[in-house]
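Now for the letters of each chain:
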Amino acid sequence: MKENKIPYKIYLDEKEMPTAWYNMRADMKNKPAPLLNPGTLRPMTAEELSGVFCEELVKQELDDTTAYFEIPEEIRDFYKMYRPSPLVRAYCLEKKLGTPAKIYYKFEGNNTSGSHKLNSAIAQAYYAKKQGLKGVTTETGAGQWGTALSMACSYFELDCKVYMVKVSYEQKPFRREVMRTYGASVTPSPSMETEVGKKILAEFPGTTGSLGCAISEAVEAATTREGYRYVLGSVLNQVLLHQSVIGLETKAALDKYGIKPDIIIGCAGGGSNLGGLIAPFMGEKLRGEADYRIIAVEPASCPSFTRGKFAYDFCDTGMVCPLAKMYTLGSSFIPAANHAGGLRYHGMSTTLSQLYDDGLMEAVSVKQTEVFQAAEQFARVEGILPAPESSHAIKVAIDEAMRCKETGEEKTIVFGLTGTGYFDMVAYEKFHDGAMTDYIPSDEEIQANIDRLPKVD
Ligand SMILES: *Cc1c(COP(=O)(O)O)cnc(C)c1O
């Protein structure tokens, strides 16, 4: 007898879409530690933060008691253009693997930015517009966040200034042109436009830049310009809050068919897609209503959870941003070149860090070549060409499904497929040519950076 078949794609209708974001922190007994002012080491106040960030976003950032935030209608209208995103049953992958496991993935790559980042970009642009600002500044590394923000700003007619890490600016001209198509101005970082950029260029002539440096430039550009604020695409609580739309849709779609997941898997860079995907499930876990295995997947070249330290650290290399208590490799840690640019961050969301420290979720690290093997295996049966970042989750979902094959367990696995990889074909080329390497930092290298963490406690 064939089981009552679940559709290949589970969609919600408009009426079933979430109308409020869910804030996991409200249900956490151990709240994430507050951001600290790097000068005074006291918790950052709303007033201090509002010089850099939009007011409404500062409120969201600091609120760890309100469980639900209504999604403004303007944002819901925008979401309707590309959401709900499909929850796909990976029947073809299951068959290919010969696993009794049931695999689902939530696909966030169905918009021009090609990733989940648009979910928060549109919210941040909305609040900037509502505050009457002229524009926002940001940094981008691989380019997904800059693209998403450009789209969001053009929708609300805001000026968008993107500092793009110089090496990406030169190597990813197509990403740059997508941003310019949406009206953003894109500056290679470090630049001569900011004091911090000039200083870095004087000290390191010919440098191709880094994310930390681009953050410092974007913050300076925002704080020295009337009517501008700085926005960030990951790590912050507000970003996890906006990304909860991923998890809320996933849960609603599963509930519609009475499906209960056993394992939930997501890749982790700064933690925003993972934090969003797991939000309502973690909420049930925190309230003691259900239990799930939750797995964060990170690159072996930048293993914040699995080899980092839970401590206060700077969020940027320039050390201008507040201190956050998180799993970190040290703000001086420069991750080796890795083709999953979106996962090359030394720290991790404070919320996820606390949940991990409390034993409420697991983490594993995976090597670059095995990630691309999984990406290719997935592309060949499921059709979608995945982003290298997303492929970290694919790799572990396949591993778990193969474990089910050994034990005969029919587990239900859900993973987040955060985006598509069309702008990453140089990475795929390296993989196909056998020219891809698996750099793993040594214990000494990691310890040397951890030794340089600021002394706070
Ligand atoms: C940015 C990005 C990530 C990682 O960021 P998180 O904040 O950890 O979610 C993952 N996948 C894609 C496609 C990205 O663009």
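Now for a quick tour of the structure. None of the values given here were measured: they were computed from a predicted structure. (Residues numbered from 1 in each chain as written. Predicted model: local features only at pLDDT ≥ 70, side-chain atom pairs only at ≥ 80, totals over all residues. Heavy atoms only, no water.)

## Points about the site of the ligand
Rules: Any residue with a heavy atom lying within 4 Å of a molecule or strand is counted as near it. In protein, a polar contact means a hydrogen-donor-capable atom and an acceptor-capable atom, both N or O and within 3.5 Å, with residues adjacent in sequence counting only if both atoms are side-chain atoms; elsewhere, any N or O pair within 3.5 Å suffices. Using a 1.4 Å probe, the Shrake-Rupley method yields the accessible areas, and only the shown protein chains count as cover for residues. Residue classes follow a fixed rule: Ala, Val, Leu, Ile, Met, Phe, Trp, Tyr, Cys and Pro count as nonpolar, while Asp, Glu, Lys and Arg count as charged, and any other residue, Gly among them, counts as polar.
Looking at the ligand, there are 18 residues lining it, with K117, S234, G269, S272 and T418 nearest. A distance of 3.1 Å separates an oxygen atom of the ligand from a polar atom in the side chain of H116. A total of 390 Å² of accessible area belongs to the ligand in isolation, and the protein chains cover 98% of it. The residue makeup of the shell around the ligand, split by class, is 4 nonpolar, 12 polar and 2 charged.

## Examining the pattern of salt bridges
The test is simple: Salt bridge, as used here, is a side-chain nitrogen of Lys or Arg placed within 4 Å of a carboxyl oxygen of Asp or Glu. Under the DSSP-based scheme used, a helix requires at least four consecutive residues in state H or I and a strand at least two consecutive residues in state E, with every element numbered from the N terminus. A 1.4 Å probe rolled over the protein chains alone gives each residue an accessible area, and that area as a share of the maximum for its type sets the label: buried under 20%, exposed over 50%, partly exposed in between.
Here the structure, examined in full by the defined rule, presents 27 salt bridges. For the salt bridge of D77 with K80, the shortest nitrogen-to-oxygen distance reads 3.6 Å. Linking D77 with K80, this pair stays in helix α3 (residues 73-82), spanning 3 residues, or about one helical turn. In this structure, the salt-bridge partner of E249 is R83, at a minimum N-O distance of 2.8 Å. Taken as a pair, E249 in helix α11 (residues 237-256) and R83 in the loop between α3 and β4 (87-89) lie far apart in primary sequence, 166 residues in all. We classify R83 as buried; its relative accessible area is 4%. The network of salt bridges with shared partners includes R83, K106, E108 and E249.

## Quick word on the nonpolar core
Rules: Residues belong to a common nonpolar core when they are buried Ala, Val, Leu, Ile, Met, Phe, Trp, Tyr or Cys residues joined through side-chain atoms within 4.5 Å. Whether two residues are in contact is decided by their heavy atoms: any pair within 4.5 Å suffices.
Membership of the largest hydrophobic core comes to 75 residues, with the highest contact counts inside it found for W21, F305 and M361. Looking at this core, the element that brings in the most residues is helix α5 (residues 118-130), giving 8 residues. With residues up to four places along the chain from it excluded, the contact list for F305 reads A268, A296, E298, Y327, M348, L352, S353, Y356, M361 and A363. Within the second largest apolar cluster, 27 residues are counted, among which are A101, F107, I263 and I398.

## Describing the sheet that holds strand β14 (residues 362-366)
Stated precisely, the cut-off is as follows: The criterion for strand pairing is that DSSP finds at least two bridges linking the strands in question.
Taking strand neighbours across the sheet as the criterion, the 7 strands line up as β1-β4-β5-β15-β10-β11-β14 in an open arrangement whose pairing is mixed. Looking at the sheet topology across the chains shown, the edges are occupied by β1 (9-10) and β14. Bridge count between strand β11 (residues 293-299) and β14: 5 bridges; the pairing is parallel. For V297, the partnering residue across the bridge sits in β14 and is V364.

## Thoughts on the packing of helix α6 (residues 144-156) against helix α8 (residues 173-181)
Filter applied, for reference: To get an axis, fit a line to the C-alpha atoms, keeping to the stretch in contact for a helix; angles then go from 0 to 180 degrees between the N-to-C directions. Should an angle lie under 35 degrees it is considered roughly parallel, over 145 roughly antiparallel, and from 65 to 115 roughly perpendicular; all remaining angles are considered oblique. What makes a crossing left-handed is the near helix being turned counterclockwise from the far one by less than a right angle; a clockwise turn instead makes it right-handed.
At a minimum axis separation of 8 Å, α6 and α8 run at an interaxial angle of 15°. Relative to α8, α6 is oriented roughly parallel. Pair α6 / α8 crosses with left-handed handedness. Facing α6, whose interface residues are Q144, G146, T147 and S150, α8 presents R175, V178 and M179. Per-class residue counts for the contact of α6 with α8 are 2 nonpolar, 4 polar and 1 charged.

## A closer look at the pairing of β11
The condition is simple: Convention used here: a crossover is right-handed provided that the path from the first strand, over the helix, to the second strand proceeds clockwise when the strands point away from the viewer.
In terms of burial, β11 is a largely internal element, 6 of the 7 residues being buried. Across 5 bridges, strand β10 (residues 263-267) lies against β11 in parallel orientation. Residue I265 lies in a different strand from β11, and its bridge partner there is I295. Traced from β10 through helix α12 (residues 272-286) to β11, the parallel crossover comes out right-handed.

## Quick notes on the packing of aromatic side chains
Definition in use: Stacked, tilted and edge-to-face pairs are distinguished by plane angle, under 30 degrees for stacked and over 60 for edge-to-face with tilted covering the rest, among Phe, Tyr and Trp rings (Trp via its six-membered ring) whose centres lie within 6.5 Å.
Scanning the entire structure with this criterion turns up 19 aromatic pairs. Measuring from ring centre to ring centre gives 4.7 Å for F78 and Y155, while their planes differ by 65°; the resulting arrangement is edge-to-face. In this pair, F78 is assigned in helix α3 and Y155 in helix α6, connecting sequence segments 77 residues apart. Overall, F78 belongs to the buried group, its relative accessible area being 6%. For Y155, a relative accessible area of 38% gives the class partly exposed. On the numbers, 6.2 Å between centres and 75° between planes, the contact of F378 with F415 is edge-to-face. In this pair, F378 is assigned in helix α15 (residues 368-382) and F415 in strand β15 (residues 412-417), connecting sequence segments 37 residues apart.

## Section: a nonpolar patch on the surface
Where we set the bar: Residues with no salt bridge and a relative accessible area higher than 30% make up the patches, which join like charges within 9 Å and nonpolar side chains (Val, Leu, Ile, Met, Phe, Trp, Tyr) within 5 Å.
Taken together, the side chains of F174, Y422 and F423 define a hydrophobic patch exposed on the protein surface, amounting to about 370 Å² of accessible area. By secondary structure assignment, the location of F174 is in helix α8. Classification of F174 by relative accessible area gives exposed; the value is 63%.

## Structural notes on the sheet that holds strand β9 (residues 228-230)
The strand order β8-β7-β6-β9 describes an open sheet built from 4 strands, whose pairing is parallel. The sheet is open, and its two edges are formed by β8 (185-189) and β9, each paired on a single side. Strand after strand, the sheet turns through a mean of 25° between neighbouring axes, direction not considered.

## Side note on the pairing of strand β12 (residues 309-314)
Buried residues dominate β12, accounting for 5 of its 6 residues. The sheet contact formed by β12 and strand β13 (residues 323-328) spans 6 bridges and is antiparallel. Bridge pairing links K309 to T328 in β13.

## Points about helix α2 (residues 55-62)
Formally: Starting at the helix axis, one direction is taken to each C-beta atom, and the arc is that of these directions.
For α2, the full list of buried residues reads L57, V58, Q60 and E61. Summarising the axial view, the buried residues of α2 lie within an arc of 160°, below the 170-degree limit, and thus occupy one face. Contact partners of the buried residues in α2: β2 (20-22), α1 (46-49), β3 (68-70), α5 and α11.

## Some words on α5
Worth spelling out the cut-off: Expected helix span is computed as 1.5 Å times (number of residues minus one).
The terminal C-alpha atoms of α5 lie 18 Å apart, and with 13 residues this matches the ideal 18 Å at 1.5 Å per residue to within 8%. With 11 of its 13 residues buried, α5 lies for the most part within the structure. Those residues of α5 that sit buried are L118, N119, S120, A121, I122, A123, Q124, A125, Y126, Y127 and A128. On its buried face, α5 is in contact with β2, α2, α3, β6 (135-140), α6 and α11. Downstream of α5 by one or two residues, G132 has phi in the positive range, about 80°.

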